[in-house]
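# Topology and contacts: notes
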Amino acid sequence: MEQKLVWSAFCLWMLTCLLLPASSSGVVRIGLKKRQLDLHGINAARIARREAIVRAGDRGMINHLGHSDEDLVPLKNYMDAQYFGEIGIGSPPQNFTVIFDTGSSNLWVPSSKCYFSIACYFHSKYKSTKSSTYSKIGKPCEINYGSGSISGFFSQDNVEVGDLVVKDQVFIETTKEGSLTFVVAKFDGILGLGFQEISVGDAVPVWYNMVKQGLVSDEVFSFWLNRDPEAEVGGEIVFGGVDSKHYKGKHTYVPVTQKGYWQFNMGDILLGNQSTGVCEGGCAAIVDSGTSLLAGPTPVVTEINHAIGAEGVVSAECKELVSQYADLIWELLVSGVQPDRVCSQIGLCIFNGAHYVSTGIETVVDKEDNQGSSVGESALCSVCEMTVIWIQNQLKQKATKEKVISYVNELCNSLPSPMGESMIDCDSISSMPNITFTIGDKPFVLTPEQYILKTGQGIATVCISGFMALDVPPPRGPLWILGDVFMGVYHTVFDFGDLQIGFAEAA
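Residues numbered from 1 in each chain as written. Predicted model: local features only at pLDDT ≥ 70, side-chain atom pairs only at ≥ 80, totals over all residues. Heavy atoms only, no water.

This part takes up the overall build of the chain. When you go through the chain residue by residue, the secondary structure sums to 11 helices and 25 strands. Counting the 507 residues in the chain, one finds 56% classified as buried. The contacts in the chain between residues at least 6 apart in sequence include a share of 71% that link residues at least 24 apart. When the accessible surface of the chain is totalled, it reaches about 21500 Å², and 53% of it is carbon and sulfur. (Helix = DSSP H or I, 4+ residues; strand = E, 2+ residues; numbered from the N terminus. Buried < 20%, exposed > 50% of the residue type's maximum accessible area, 1.4 Å probe, protein only. Contact = heavy atoms within 4.5 Å. Areas by Shrake-Rupley, 256 points an atom, 1.4 Å probe, with all protein chains shown as cover.)

With that out of the way, let us pick up the packing of helix α5 (residues 298–308) against helix α9 (residues 401–412). Orientation of α5 relative to α9, taken along the N-to-C sense of each, is 95°, at an axis distance of 9 Å. The pairing of α5 with α9 is recorded here as roughly perpendicular in orientation. Residue-level inspection shows T302, E303 and H306 of α5 in contact with α9, the latter providing Y407, E410 and L411. Of the residues that constitute the contact of α5 with α9, the class distribution is two nonpolar, two polar and two charged. (Axes fitted to C-alpha atoms, helices over the stretch in contact; angles between N-to-C directions. Parallel < 35°, antiparallel > 145°, perpendicular 65-115°, else oblique. Nonpolar A, V, L, I, M, F, W, Y, C, P; charged D, E, K, R; others polar.)

The sheet built from three strands is open, its strands ordered β17-β21-β20 with antiparallel pairing. Bordering the open sheet on either side are β17 (423–424) and β20 (452–455), each of which pairs with just one other strand. One ladder, built from four bridges, connects β20 with strand β21 (residues 462–465); its direction is antiparallel. When the bridges of β21 are listed, L453 appears paired with I464. (Pairing = 2+ DSSP bridges.)

Here S111 shows up in the loop between β4 (107–110) and β5 (135–145). A distance of 3.0 Å separates the side chain of S111 from the backbone nitrogen of K113, its partner in a polar contact. (Polar contact = N/O pair within 3.5 Å; in protein donor to acceptor, adjacent residues only side chain to side chain.)

For α9, built from 12 residues, the straight-helix expectation of 16 Å at 1.5 Å per residue is met to within 8% by its first-to-last C-alpha distance of 17 Å. Those residues of α9 lying buried are V404, I405, Y407, V408, L411 and C412. Here the buried residues of α9 occupy an arc of 160° about the axis, which is enough to place them on one side. Opposite the buried face of α9, at more than 90 degrees from it, the exposed residues are E402 and K403. (Expected span 1.5 Å × (residues − 1). Arc of directions from axis to C-beta.)

This part covers the state of the cysteines. Here the structure, examined in full by the defined rule, presents five disulfides. Between C279 and C283 runs a disulfide, and the two sulfur atoms are separated by 2.0 Å. Taking the sign of the S-S torsion, about -90° here, the bridge from C279 to C283 comes out left-handed. Judged by its relative accessible area of 1%, C283 falls in the buried class. (Disulfide = S-S within 2.5 Å.)

The next thing to look at is the pairing of strand β24 (residues 490–495). Across the six residues that make up β24, a large majority, six, are buried. As paired strands, strand β9 (residues 220–225) and β24 are joined by four bridges and run antiparallel to one another. Across the sheet, F223 pairs through a bridge with T492, a residue of β24. Relative to strand β25 (residues 500–506), β24 runs antiparallel, the two being bridged by six bridges. What sits directly across from Y490, in β25, is E505. Connecting the antiparallel pair β24 and β25 is a turn made up of four residues, with L499 showing a positive phi of about 50°.

Assignment of secondary structure puts S155 in strand β6 (residues 148–161). Separated by 2.6 Å, the side chains of S155 and E173 make a polar contact. Beyond its immediate sequence surroundings of up to four residues, S155 is in contact with Y134, S135, I137, Q169, V170, F171 and E173.

Here we come to the packing of aromatic side chains. Taken as a whole, this structure holds 27 aromatic pairs when the rule is applied. Measuring from ring centre to ring centre gives 6.1 Å for F195 and F496, while their planes differ by 25°; the resulting arrangement is stacked. Here the residue F195 occupies a position in the loop between β8 (189–192) and α4 (206–212), and F496 occupies one in the loop between β24 and β25, the gap between them amounting to 301 residues. Each member of the pair, F195 as well as F496, is classed as buried. For the ring pair F486 and F503, a centre distance of 5.6 Å and an interplane angle of 85° mean the geometry is edge-to-face. One end of the pair, F486, is in helix α11 (residues 484–489); the other, F503, is in strand β25, with 17 residues separating them in the sequence. As far as burial versus exposure is concerned, F486 and F503 are alike and both buried. Site record: aromatic cluster; members linked through ring pairs are F100, F195, W207, Y208, F221, F223, F239, W262, F494 and F496. Here K125 stacks its cationic end above the ring of Y121, 4.7 Å away from the centre of that ring. (Phe/Tyr/Trp six-rings, centres within 6.5 Å; stacked < 30°, edge-to-face > 60°. Lys NZ or Arg CZ within 6 Å of the ring centre and 35° of its normal.)

Our focus in this paragraph is the confidence of the model for the chain. Here the chain averages 80 in pLDDT, and 76% of its residues register 70 or above. Across residues 53–75, where pLDDT falls below 50, the model places 68 contacts with residues more than four positions away in sequence or in other chains. (pLDDT = per-residue confidence, 0-100.)

Moving on: unusual backbone geometry. Cis geometry marks the peptide bond from S91 to P92, where omega comes out at 0°. As for its placement among the helices and strands, P92 is situated in the loop between β2 (83–89) and β3 (94–101). Its identity as a non-glycine residue notwithstanding, D202 has a phi of 55°, on the positive side. Residue position: D202 is located in the loop between β8 and α4. Note on D202: relative accessible area 39%, which makes it partly exposed.

Here you go:
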């Protein structure tokens, strides 16, 4: 009899363990869905980011990071976002498809009070009257993106993420979504996983409340993105831990250098086996799950585009500068003049007391009403700085002056297009070079198959460079954005407790 009781108790315990949700161990898994990229979305994303950088630069917004809604402007637009998951808001939960975005920090979904935006009629809307746990806040807010803006008001309710229920979460009910991006989007809203420092209205992010309310066993979340286009499962986020099945080997960890975005210092970038020179002394980089692209300074992206045969636009300013100043730049560099002083000695750049004035994006995007210098002067300054970098790199390889100038002329033809196109021959992928990012003094290699984006099928397949130009000036720049192209190859751990980011080869 006693044995039967013990056996029954054991069976009951086993059954209970099997029925308990994954979150009972302080870990929750969120399955992700993936949509195929399209050419229009990729190009629209490129254009929006460049235009946003120009506007932010005009307002002097780009050089600081703090509690400013507009700090998000240069980086976000979601036109090229690929990965989505589902959450619930309210009691009983109302379901929404969201982007889990490490490049922002707010949670927002469309409101039932959104009457005049077309986008709201194509997506699920939150109805506060149907939730027993809703609390009114009502404070108005607005977030500006590269592709438009959203506005609405703050509310408070329970948020269900997998089997976890985050209580009393402050979020935004949007009543206006001013962009066609949100009309055609496959997602209803955004769940930001960045730091509170960039949260609009200083709202406490969902992840912070998961930790504060003791819903996760470890202050860590991790991303695994499935790059197999035929796979049904798009990927998985693990809140509260890491799944060893998602990666190979060990993670390389680097410290977060500035809270806001998940930002860290990255070392040199290699094109094949050759240094591009731009990040030898270190560059700021952020890991952004809200974009598919890899974005970086125009000089490096131009070299990459040239190496992979991406079609760009002939820059008149670039050709003009090379013909008039290439010999002089060569002589100054050979004579030992520091690269960052060459363009000022020539007279094309002016030192403003902090750094050399350069609005690098203007070489590919015309900027009107430029104050302090003409558009032509600014463009020439920027192109001069790029030319110095290119020539300096070739000098290290001990190439002759004639070959160097010829090579720089070719690079002019590969400057990124202002409209974002960067088409490449799909048949030439096998002959393209690897691109290597140095992180934590270790190489992280991307093969052509990994950094080239494919859209369409069969004879309609189009191949596009996964790199776009993004020129963020000092002191915040140069800045790289490592999006899904990178995160798909390298499993990424976001360690909130120890303020570090880890990368390992994805399984």
